[in-house]
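Now for the letters of each chain:
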Amino acid sequence: MIKKVLAASLLVLLSSHSAVADTWYVNVDTSTLSGQSGWLDFQFNPADAFAPAASATIMSFSSTGLMQPMPLVSGDVSGSLDGTLTLGNGQDFNGWLQGFTFGTVISFRVDINVPTPNASGSGSAFSLSLYDSSYNSLLADPNWGASLVINASDSGMMNVLAQAPSVSLSASPVPEPDMAASLLAGLGLVGFAVRRRAA
Amino acid sequence: MNNNIGLITVQLIAALFSAQAGAVTLTFIENNDLHAHLTPHLDKVVKNGQTVYESRGGLARVATLVKQIRAENPNTVLMNVGDTYHGGVEALYTLGNAVVDPLNALGVDVGVPGNWDFAYGPNVLRLRYVDTLTTTQKNLLQRTVSIAIKKPNFPNIAANMQSTAGANSGGLLLPGTLTKTVGGVKVGFIGLTSDIVAQMDTMLAAGLSFTQGEAAYRDLVNTQAQTLRNQGAKLVMVMSELGLQKDYRLADVINSGAVDVFFSAHTHDTIFAPLKTKSGALVVEAGHDGWLGRMDVDIVSGQAPVFNWTLLPVDSSIPDDPAMKTLVDAARAPFLVANPNMTVPMSGMTLKLTQPIDTVLGHAYAPLDREDALESTFNNAWTDTLRQQTGTAIALTPGFRMDGPTPALGTVYEDNHIADGALTIEDVYRYIPVPYTIGTGTVQASTIKSIIESDLTAVYSLNSFAQAGGWLNGWSGLNINVDLSQPDGRRVQSIRYADGTPMADADTLSATGCLRPTDTADGSGTVLCSFAGFSNVASLINPATGNPWYPQELFSTALSQGWLADGARRNIADAAATPAWPDQPFVQPLAVRVTAGAKLSKSGLVYNAGTKIYTAQITLANTGGVPLQAPLKVVLEGLPASVTVVNAAGSYYSQPYLKLNGSLAPGSSQSVQVQFKKTSGSITYSPAAYTGGV
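In this text, all values refer to a predicted model and were calculated from it rather than measured experimentally.

So, how was this worked out
Residues numbered from 1 in each chain as written. Chains lettered and ligands numbered in written order. Predicted model: local features only at pLDDT ≥ 70, side-chain atom pairs only at ≥ 80, totals over all residues. Helix = DSSP H or I, 4+ residues; strand = E, 2+ residues; numbered from the N terminus. Rg over C-alpha atoms; globule rule 2.2 N^0.38 Å. Buried ≥ 20, exposed ≤ 12 C-beta atoms within 10 Å, placed from the backbone. pLDDT = per-residue confidence, 0-100. Contact = placed C-beta atoms within 7 Å. Axes fitted to C-alpha atoms, helices over the stretch in contact; angles between N-to-C directions. Parallel < 35°, antiparallel > 145°, perpendicular 65-115°, else oblique. Left-handed = near helix turned anticlockwise from the far one by under 90°. Nonpolar A, V, L, I, M, F, W, Y, C, P; charged D, E, K, R; others polar. Core = buried A, V, L, I, M, F, W, Y, C linked by C-beta atoms within 7 Å. Pairing = 2+ DSSP bridges.

*Asks:* Quick question: what am I supposed to make of the overall build of chain B here?
*Replies:* Looking only at helices and strands, chain B has 14 helices and 40 strands in total. Computed over its C-alpha atoms, the radius of gyration of chain B comes to 26 Å, within 12% of the 26 Å expected for a compact globule of 694 residues. The C-alpha extent of chain B, read off along each of the three principal axes, is 85 × 80 × 55 Å. The proportion of buried residues among the 694 residues of chain B is 50%.

*Asks:* Would you explain the confidence of the model for chain A in this entry?
*Replies:* Note: predicted coordinates in regions of low pLDDT should not be interpreted at a detailed level. All names here are of chain A. Here chain A shows a mean pLDDT of 82. Residues at 70 or above account for 75%. Scored below 50 in pLDDT, residues 1-21 shows 25 contacts in the model against residues more than four places distant or in partner chains. Note on residues 175-199: pLDDT under 50 across the span, and 14 contacts to partners over four residues away in sequence or across chains.

*Asks:* Sorry if this is basic, but what is going on with the packing of helix α2 (residues 59-72) of chain B against helix α10 (residues 322-332) of chain B here?
*Replies:* In helix packing, the relevant descriptors are the interaxial angle and the interaxial distance, both defined with respect to the helix axes. Residue and element names in this part refer to chain B. Interaxial distance between α2 and α10 falls to 8 Å at its minimum, and their mutual angle equals 155°. The angle between the axes of α2 and α10 places the two elements in the roughly antiparallel class. In this structure, α2 crosses over α10, and the sense of that crossing is right-handed. Contact residues: Leu59, Ala60 and Ala63 in α2; Met324, Lys325 and Val328 in α10. Its residues assigned to classes, the contact of α2 with α10 comprises five nonpolar, no polar and one charged.

*Asks:* For this particular structure, what's the right way to read the interface of chain A and chain B?
*Replies:* For interface size, the figure often reported is the accessible area lost on association. Counting residues at the interface gives 29 residues for chain A, matched by 20 residues for chain B. Those elements that provide at least two residues to the side of chain A that touches chain B are β2 (37-46), β10 (124-132) and β12 (148-152) of chain A. The biggest single contributor to the side of chain A that touches chain B is β10 of chain A, with five residues.

*Asks:* What should I look at first to understand the nonpolar core in this one?
*Replies:* Most often, soluble globular proteins keep nonpolar side chains buried together rather than apart. Ranked by internal contacts, the top residues of the largest apolar core, which has 233 residues, are Met237, Val259 and Val634 of chain B. Ranked by residue count, the leading element in this core is helix α13 (residues 445-460) of chain B, at eight residues.

*Asks:* Teacher, can you tell me more about the sheet that holds strand β26 (residues 492-497) of chain B here?
*Replies:* Adjacent strands of a sheet form backbone hydrogen bonds with each other and so pair up, either parallel or antiparallel. Residue and element names in this part refer to chain B. Across the sheet, three strands lie side by side as β26-β25-β30; this open sheet has mixed pairing. Each edge of the open sheet carries a strand with a single partner, namely β26 and β30 (572-574). Along the sheet, successive strands turn relative to each other by an average axial angle of 10°, direction set aside. One ladder, built from three bridges, connects strand β25 (residues 478-482) with β30; its direction is parallel. Among the inter-strand pairings, Val482 is bridged to a residue of β30, identified as Asp574. Strands β25 and β26 of the sheet are contacted by α13, whose axis makes an angle of about 135° with β26.

*Asks:* In this structure, what is going on with unusual backbone geometry? I would like to understand it.
*Replies:* Excluding glycine, a negative phi dihedral is what most residues carry, and trans is how most peptide bonds are arranged. Cis peptide bonds are those with omega within 30 degrees of zero, and the linkage from Ala630 of chain B to Pro631 of chain B qualifies with -5°. Here Pro631 of chain B shows up in the loop between β34 (614-622) and β35 (632-637). In this model, Met70 of chain A sits at a positive phi of 60°, which is unusual for a non-glycine residue. Position of Met70 of chain A relative to the elements: it lies in the loop between β4 (66-67) and β5 (72-74). In the Ramachandran plot, His266 of chain B falls in the positive-phi region, its phi being about 95° despite a non-glycine side chain. Using a count of 32 C-beta atoms within 10 Å as the deciding quantity, one classes His266 of chain B as buried.

This is the structure in C-alpha cells:
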C-alpha cells in the first residue's frame, strides 16, 4: 500500500508539468536579448463569451531587465507586474503590455484558476509574448508568435499549447538540494499517514 | 485584293510566330449526360444565390455553341460523355435512334457510353457501338431487334468493359483508348464507361464484365496512361461515366502526372472550378444537358500546360442553329402527329403512344422534380399515387436522377413567364423513361430497413467506390429518421409507419414497386424495384388494356383525372441536417456534418501585436464508438463578416474550413490551429466537424 501511495505521489510530481496543475513557475532565458529594448505582452483571453470565468494571476515577477513606466493595459486587468497582476477573462481581450529592456532572465509565477468549470467547449488562454521595439516577435514558438501559451479548458484542464525553447516551465519552484531532501521526507510522512489510516 | 494580301500576310506572320514560340491552345468541349433531350426544357439552376427555373438544353443551341467555339479555335475536340441515347420519349420508342442523326451532325470526336445506353439490351448495345461486327454477326443481332439500329459516326471507347463471350472473350468490347493529333499536339483519351450495368439488371450486362474496385481502376488508368504517353501523347484525358465521386477518388490515387484531366459524367455535378487532386489531374463535370463544359489548354513548348475551365449555360440566350433545328424537328415529327401509333420496340412490351407527345395531360399544383438526393417531390407524389391506386402499406420507386423540373402553376420564372404547371406526355417520359411495369408484393420490415440502409450506402458512403451515383429510392407510407454522419450500415435511426407506429423487424408489409422485364411477375416473384427479399410479387394489371400496368400509363391517368398526389411532404429526416442541392455546392452530397460522438473545443485566443493575428487551437475528440472517417474537416460556422481566417484550407457553404489528418479512432483527438484577422467586433464562431467530401 505504501509503495502504491509513493508511486502515485511521484507520478503526480512527474506528470504535473503537462496538464493538471494550476500554478506554474516560468523562467525565460533572455540572455540573447540582453540590453535590447522591447515589450513583454501578458494576455489572458477567452475563446468567446461562453468560456467559464477564469483568471491568471502573475506574482513574484523578477528579472535582470528593466521595466519601463506606463504599461498599456486592456480589458479585465487589475494590480501590477511589480506586485500581483491579475488578468481576468471578462473581456474579449485582456492584456498587460509592458515596455521592457531585456536582461538575461525573466521569472514569475502564474496561478490559473477556473472556479466554475462548464461544458461550453470554450477555453481561455494565458500567453506571454516578447517583442522588439517594432513588435517583431522574439524567442517565440513560430506557430503562435508567442513564447508561452497555456490554455485553461472549459473543464479547468490546463494544457501547454506553446513553449519556446528559451522558456522553462514547472508546476513547482525549482527545488534547491536541501528542498529535495525535505520533499522526500514529506513523501515519507504521507506514506506514514496513509498507513496509520489504513490501520 | 490588297486587303486580302495584307490579311494573309498577317496570318502567316502570326502562324510563324506561334510556331516559333511552340505555343498552341487546344479546346476540349464536354457534352455529358444528354439523356436524349433533343429540345429545351425547364431546369432548376442557381443564380445569384437563388434557385430559379430556366429554359435549358436543346441540341440546336448546343450546335450554335459548338460552332462558335470551333470558329474561335479550330483546334477543338468535342467529347460526348455518358448517358446519350436514353431518357426521352422519342428515344424510348426508337431505341435511341431519334438521337443519332442530330448528334452525328454535331461533329463529335470521341464518346463514352453511359449506364442508360445499355438499357435497350445487350444486342442493341452491340449494334450501336461495336464497329468490328462482321456482316453475319450484325445480321444475327439485328434479327433480335425489331427496328434497324442507327450508329454514331464517331468512335466510342471504354477501357473498363470486357467481353466474356465469343471469339473476343477476354478482350475489350470497344477500344479502350484513342489518340488524336490536334493543333500538332498528340492527345490520348481513355474511356471509362459505367460499371453498374449488372446492378441495373444482369440481363443488360450479358456477355460483359466491368472493371470493379479502386485498385483495379488505379492500375488500369496508370497502365493506359503510360501506354499513351509512350505513344507520344502530350496530354492524357480520361472521359468517365463512373461519376464525380469515383473519378475524384481515382484521380487522387493514380500516379502523379499520369492524367491531365478527368472529364466526369453520370452524376450531373456542375463543377464550376476544377477539382484539384493529389496526382495533379483536374476533375470536372459539366452538369447535364443544360450545360457545356469548355477546357482550354494552353501549351507552350518546354512549359507545363495551363488549363482554363468554363461552364457554359445552354440557355435561351443561345440562338438555335437552323441546320440542327431541322434535324431535331425531323426526329421529333413522328411523335407530334395526331396518333403516333407506336409501341416500344422491345420484346414483350405493350406500352403504346397514341397521342402527340406535346399533349397536355394535366397540371402540377405543387413543384415536381428529382433534385434532392434524400427525398424529392416527384418521388413523393409518385409513390403516394401508387399507394392510392393499390392500397398497399408502402410504395417505393427507383432513385433515378432523371427529371424535367416542373414549377407549380402560378410560379413566375425566367423573363417573367408565369408557369401553368402543365405536364405533357413528353414530361411524363422525362421522369420515367424506362419501360418497367408496376407490381405488388409482400416483404418483412427488416428487409425494408436493410434496403434503405444499403441505399444510403450507395448514395452517401465515404468510400466513393461503394457509391452507385443515384439518389435514394422514393418511399411512401414510412417516416424515416436517418443520420447521414454515421458510417455505412448505421445510418437508419428509426422507421415509423405513416400513422406514427414504430416499424418492428418482424412486421410483414404489403408493397407497391416496379418490375423489370426480366423479373418474375406471376405471383411467385421475389424481386421488386431490383431488391430481393420480397414474396408473392405480381404484376399489376391495367384494367384499360388488360396488360401489365406501365407507370407512364398510371402517371398519365392520374394527371388527366387530377388525382396525382402532392409531393410536398417531408418524411425522411436527417439528424445531421446535411444540406442538399442547391445549398450544397455539388448535386451529390459529398460531406456530412458530424452530429454525434464528437466533441469540439476551442482554446482562448492569443493576439500577436506585430502580425495583428489572433491564434487559437481547435480540438476534435472522438467521443463515440466508431471511427470518424477521413477526410475530416473543421468548418468555422457563424464567423462575422469582419473576421477572416488567415490559414483556411478552403470554404464550405461559404464558410472557412481547416483540414485534419486522417481518420480519428474512438477515444482519440486531434488539434488544428486557426488564425484570424479582424477589422472590428468580436471573433465568434462555432466549429463543426464534417466527414467526407472534397
